[in-house]
Amino acid sequence: MSKSKLEYIWLDGYKPTANLRSKTKIEENFSGKLEDCPVWSFDGSSTKQAEGGSSDCLLKPVAIYPDPTRRNGYLVMTEVLNADGTPHESNARATIDDNDNDFWFGFEQEYFIMDKNTQLPLGFPVGGYPGPQGMYYCSVGGKNTHGRDFVEEHADLCIDAGLNFEGINQEVASGQWEFQLFSKGAKKAGDEIWVARYLLDRLTEKYGYYIEYHPKPIKGDWNGSGMHANFSNEVLRTCGSKEVYETICEAFRPVTKEHIEVYGEFNDQRLTGDHETQSIHEFSYGVSDRGASIRIPIITVEKGWKGWLEDRRPASNGDPYKIAARIVKTVKTADVEALLA
């Protein structure tokens, strides 16, 4: 008889920025398959998801990955349901309209590694500042590169867990890094970002660090942290039409406010129009334009307008489920049928 550790992971009810929660369920003779993960429950009154008098919330498993650091361990991403089995109001995953996985997403997750003792990013001296940004981006060497061992270990964990992990690089500020994930299916993309964040946060416990997802944790002449959302559907991947691309981009203009509302807390501090951002109050798009709200990658154009778009507005603390749900909804409003005929 074998026993497995199933780490059930969910998002709490804190607003506007949810937090990761998890707890371990021991299962005997577990098959390792998602369909054999039972629905579980938790005390929602402790996570701002229920009242104390009726506090049970349910955890519905939606994705499973091997846990690379625990013997006989699994990471189980879950959706939160009400006691009657309906999606909880905090369950943004259930709002994604992509059941056929037509939408593909690649998220670029930026973050700062913070020293728990100094509460400053790695490389920042107490009471002062390191050299200005510029030399840190994709740097090599101990003068400008801080946290590589931690970042490399996180990459290995994600790969060992079976996530579709695509890369890492140090970003433009000291102690700022990025990883990339790609998935076919909007829901799966959200699952994998959250599991990667879970592994990142859990790893900090060993190093004496913590992760800062705030989009502008260091004020002044420093880039903020985003989570650029690269996305496509069958139309974008195959249309071969500049007019279709422009029509889809224009569909985002009238719902700029609705997108910003779900793109992350404190994003106004990052989307200033400087540091490769468009102002939070404006909307624009352009080919190879990193100062636009939406960038049309040059590769997409060179392939005859077949590829993807990059929404550069989402903040590093944004919920990928909410971001994907809003992007899918907007793209589906674009009237491109006549252009495709």
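Residues numbered from 1 in each chain as written. Predicted model: local features only at pLDDT ≥ 70, side-chain atom pairs only at ≥ 80, totals over all residues. Heavy atoms only, no water.

In the numbering used here, UniProt assigns the feature "domain: GS catalytic" (unreviewed entry) to residues 87-341. Secondary structure across residues 87-341 divides into 31% helix and 19% strand, with the first and last C-alpha atoms of the span separated by 38 Å. (UniProt positions renumbered as here; feature names shortened; annotations may be inferred. Helix = DSSP H or I, 4+ residues; strand = E, 2+ residues; numbered from the N terminus.)

A cluster of acidic residues, D149, E152, D156 and D160, forms a negative patch at the surface. Tracing the backbone shows E152 in helix α1 (residues 148-160). Classification of E152 as partly exposed rests on a relative accessible area of 36%. (Patch = residues over 30% accessible without salt bridge, like charges linked within 9 Å, V, L, I, M, F, W, Y side chains within 5 Å. Areas by Shrake-Rupley, 256 points an atom, 1.4 Å probe, with all protein chains shown as cover. Salt bridge = Lys/Arg side-chain N within 4 Å of Asp/Glu carboxyl O. Lys, Arg positive; Asp, Glu negative; His and termini not counted. Charge placed at Lys NZ, Arg CZ, Asp CG, Glu CD. Buried < 20%, exposed > 50% of the residue type's maximum accessible area, 1.4 Å probe, protein only.)

A few words now on the pattern of salt bridges. Scanning all chains against the criterion turns up 18 salt bridges. Between E250 and R253 there is a salt bridge, with the nearest N and O atoms lying 2.9 Å from each other. As a salt-bridge pair, E310 and R295 come within 2.5 Å of each other at their nearest N and O atoms. Within this pair, whereas E310 is found in strand β14 (residues 309-311), its partner R295 is found in strand β13 (residues 294-296), the two being separated by 15 residues in sequence. Across the pair, exposure class does not vary: E310 and R295 are buried alike.

Moving on: the sheet that holds strand β2 (residues 20-28). The five strands lie next to each other as β2-β1-β5-β4-β3, forming an open sheet whose pairing is mixed. Because the sheet does not close on itself, it has two edges, and the strands there are β2 and β3 (40-43). Taken pair by pair, the neighbouring strands of this sheet meet at an average axis angle of 40 degrees, ignoring direction. In terms of strand pairing, strand β1 (residues 3-11) meets β2 through nine bridges, oriented antiparallel. (Pairing = 2+ DSSP bridges. Axes fitted to C-alpha atoms, helices over the stretch in contact; angles between N-to-C directions.)

Empty space within the largest pocket amounts to approximately 700 Å³. In terms of lining residues, the largest pocket is bounded by 34 residues, among which E108, H228, N230, R295 and E310 are the most central. At the level of secondary structure, the elements contributing two or more residues to the lining of the largest pocket comprise β6 (104-115), β8 (165-170), β9 (176-184) and β11 (227-232). Per-element accounting of the lining of the largest pocket gives the leading share, six residues, to β6. Partitioning the lining of the largest pocket into residue classes produces nine nonpolar, 13 polar and 12 charged. (1 Å grid on protein atoms, 1.4 Å probe; cavity = no way out; pocket = protein on both sides within 12 Å on 5 of 7 lines; lining within 4 Å. Points joined across faces, edges and corners; volume = space filled by probe spheres on them. Nonpolar A, V, L, I, M, F, W, Y, C, P; charged D, E, K, R; others polar.)

By secondary structure assignment, the location of T277 is in the loop between α5 (256-261) and β12 (285-287). Separated by 3.5 Å, the side chain of T277 and the backbone oxygen of R270 make a polar contact. Within the structure, the side chain of T277 is placed 2.7 Å from the backbone oxygen of D274, a separation counted as a polar contact. Setting aside residues no more than four positions away along its own chain, T277 makes contact with R270, L271, T272, R290 and G291. (Polar contact = N/O pair within 3.5 Å; in protein donor to acceptor, adjacent residues only side chain to side chain. Contact = heavy atoms within 4.5 Å.)

What follows is about the packing of helix α4 (residues 242-252) against helix α7 (residues 320-333). Taken N-terminus to C-terminus, the directions of α4 and α7 make an angle of 125 degrees; their axes are 8 Å apart at the nearest point. Classed by the angle they form, the pair α4 and α7 counts as oblique. Crossing hand, α4 versus α7: right-handed. Residues I248, A251 and F252 of α4 touch α7, and the partners they reach there are I327, T330, V331 and T333. For the contact of α4 with α7, the class distribution of residues is five nonpolar, two polar and no charged. (Parallel < 35°, antiparallel > 145°, perpendicular 65-115°, else oblique. Left-handed = near helix turned anticlockwise from the far one by under 90°.)

A separate point is the side chain of E108. Among the secondary structure elements, E108 is positioned in strand β6. Despite its burial, E108 remains without a salt bridge, the nearest opposite charge being carried by R295 at 5.4 Å. A polar side-chain atom of E108 sits 2.8 Å from a polar atom in the side chain of N230.

Summed over the entire model, instances satisfying the criterion amount to two cavities of 30 Å³ or more. The space that makes up the largest cavity amounts to roughly 80 Å³. Contributing to the lining of the largest cavity are W10, L11, M77, T78, E79, V80, S90, N91, A92, R93 and Y321. For the lining of the largest cavity, the elements supplying multiple residues, two or more each, are β1 and β5 (73-81). The biggest single contributor to the lining of the largest cavity is β5, with four residues. For the lining of the largest cavity, the class distribution of residues is six nonpolar, three polar and two charged. Taken as a whole, the second largest cavity encloses approximately 30 Å³ of empty space. In this structure, the second largest cavity is lined by T256, I260, L271, Q278, S279, I280, E282, S293 and R313.

Taking 1.5 Å per residue as the helical rise, helix α2 (residues 186-207) with its 22 residues ought to reach 32 Å, and the 32 Å between its terminal C-alpha atoms agrees with that figure. One or two positions beyond α2, positive phi appears at G208, with a value near 80 degrees. (Expected span 1.5 Å × (residues − 1).)

On to the environment of W222. Looking at the element boundaries, W222 is found in the loop between β10 (209-212) and β11. What makes W222 buried here is its relative accessible area of 7%. In this structure, the C-alpha to C-alpha distance between W222 and E205, residues 17 residues apart in sequence, is 27 Å. If sequence neighbours within four positions are ignored, W222 has contacts with F124, Y129, P130, G131, P132, Q133, Y136, A173, S174, K216 and H275.

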